[in-house]
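Listed below, chain by chain, are the residues.
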Amino acid sequence: MDVETQMIEVPAAGGAMPAFGVRPKGGARAPGVLVIQEAFGLNEHIKDVARRIAGEGYVALAPDLYWRGGKGRTVGYDQLPEAIGLMQSLKDPEVVSDVASGYAYLEKQSFVRADRIGITGFCMGGRVAYLAACELADKIKASVPFYGGGIPVEKTAKLECPVLAFFGEKDAFIPLESVEQLKAEARRHRKAVEVVVYPGAGHGFFCNERASYQKAAAEDAWARLKKFFATHLTAS
């Protein structure tokens, strides 16, 4: 499916938040998906994911969550300490506010189905995808976190949308104990949280620009994401 891309200034608390927007060509209204960056920033990988999601028939919006400290900040995959520093500069209330601003932008577009907006995210963005699903429970209709470290399981009771969460068995940053805790909290609160753990996969297994990329796991996760969003966002 052909897509159109553009950089957008999204009205947000305290200023204008840059975001990468992608939509299918044509006039048909489509569901929306927020695509949340890794700790490395709104880089080409995240933009590529947004293009791929739009290619499946969604309006994708990838906000630059680092904008408050300076717009357009990204670091390379070989600059982990710098990425961690950027990530630690964020505050959850501002992150939730910025995701809500991205949601509000999508909701107002005539080409977006305002009642069908989901979220996905990677690394830091995986945590944000879960956090937003909990804190914006009346808005987000489906959430797909990829290897989100430090997922706020204590907020699971707030969830109203289904969640599909991906992890790698060999993730050096996310112990399997925390994955089991997420599953236990979802069961305890009877929430629709499906957890997929890929044997032998490490952190960042979905990103083909990282040494940890695992093709089989990435392809399976993408197929599951497509089915999940088709079920919860596309279906009438």
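Up top is the structure.
In short, a report on the structure.

### Topic: the packing of aromatic side chains
The way to describe two aromatic rings as a pair is by their centre distance and the angle between their planes.
Argument step 1. A full pass over the atoms with the stated rule returns 13 aromatic pairs.
Argument step 2. Plain terms: the ring middles of Phe146 and Phe206 are 4.9 Å apart, the flat faces sit at 55° to each other, and that makes the pair tilted. Of this pair, Phe146 sits in strand β6 (residues 143-146) while Phe206 sits in the loop between β8 (193-198) and α6 (215-234), and the two are 60 residues apart along the sequence.
Argument step 3. Of the aromatic side chains, those joined through ring pairs into one cluster are Phe122, Phe146, Tyr147, Phe166, Tyr198, Phe205, Phe206 and Trp222.
Argument step 4. The cationic tip of Arg23 hangs over the ring face of Phe111; the distance from NZ or CZ to the ring centre is 3.7 Å.
Argument step 5. Here Arg52 stacks its cationic end above the ring of Trp222, 4.0 Å away from the centre of that ring.

### Notes on the pattern of salt bridges
Argument step 1. Under the definition given, this model contains 17 salt bridges.
Argument step 2. Residue Glu38 pairs with Arg210 through a salt bridge whose shortest N-O separation is 3.2 Å. Separated by 172 residues along the polypeptide, Glu38 in the loop between β3 (30-36) and α1 (44-55) and Arg210 in the loop between β8 and α6 bring together distant segments of the chain. No difference in accessibility class separates Glu38 from Arg210, as the two residues are buried.
Argument step 3. Residues Asp115 and Arg116 are paired through a salt bridge, measuring 3.5 Å at the closest nitrogen-oxygen approach.
Argument step 4. Residue Asp115 is classed as partly exposed on the basis of its relative accessible area, which comes to 38%.
Argument step 5. Linked by salt bridges that have partners in common, Glu44, Lys47 and Arg51 make up one network.

### So, the side chain of Lys47
Argument step 1. Following the sequence through the fold, Lys47 ends up in helix α1.
Argument step 2. Classification of Lys47 by relative accessible area gives buried; the value is 17%.
Argument step 3. Ignoring sequence-local partners within four residues, the contact set of Lys47 consists of Met7, Phe20 and Leu42.

### Topic: the sheet that holds strand β7 (residues 163-168)
Argument step 1. Spatially, the eight strands line up as an open sheet ordered β1-β2-β4-β3-β5-β6-β7-β8, and their pairing is mixed. Strands at the two margins of the open sheet, each flanked by one partner only, are β1 (3-12) and β8. Averaged over all adjacent pairs, the angle separating strand axes in this sheet is 20°, with direction ignored.
Argument step 2. With six bridges joining them, β7 and β8 adopt parallel strand pairing. In the sheet register, Val163 faces β8, and the bridge partner there is Val193.
Argument step 3. Most of the contacts of helix α4 (residues 124-135) go to strand β5 (residues 112-122), to which it runs at about 140°, and overall it touches β3, β5, β6 and β7.

The rules behind each value
Residues numbered from 1 in each chain as written. Predicted model: local features only at pLDDT ≥ 70, side-chain atom pairs only at ≥ 80, totals over all residues. Heavy atoms only, no water. Phe/Tyr/Trp six-rings, centres within 6.5 Å; stacked < 30°, edge-to-face > 60°. Helix = DSSP H or I, 4+ residues; strand = E, 2+ residues; numbered from the N terminus. Lys NZ or Arg CZ within 6 Å of the ring centre and 35° of its normal. Salt bridge = Lys/Arg side-chain N within 4 Å of Asp/Glu carboxyl O. Buried < 20%, exposed > 50% of the residue type's maximum accessible area, 1.4 Å probe, protein only. Contact = heavy atoms within 4.5 Å. Pairing = 2+ DSSP bridges. Axes fitted to C-alpha atoms, helices over the stretch in contact; angles between N-to-C directions.

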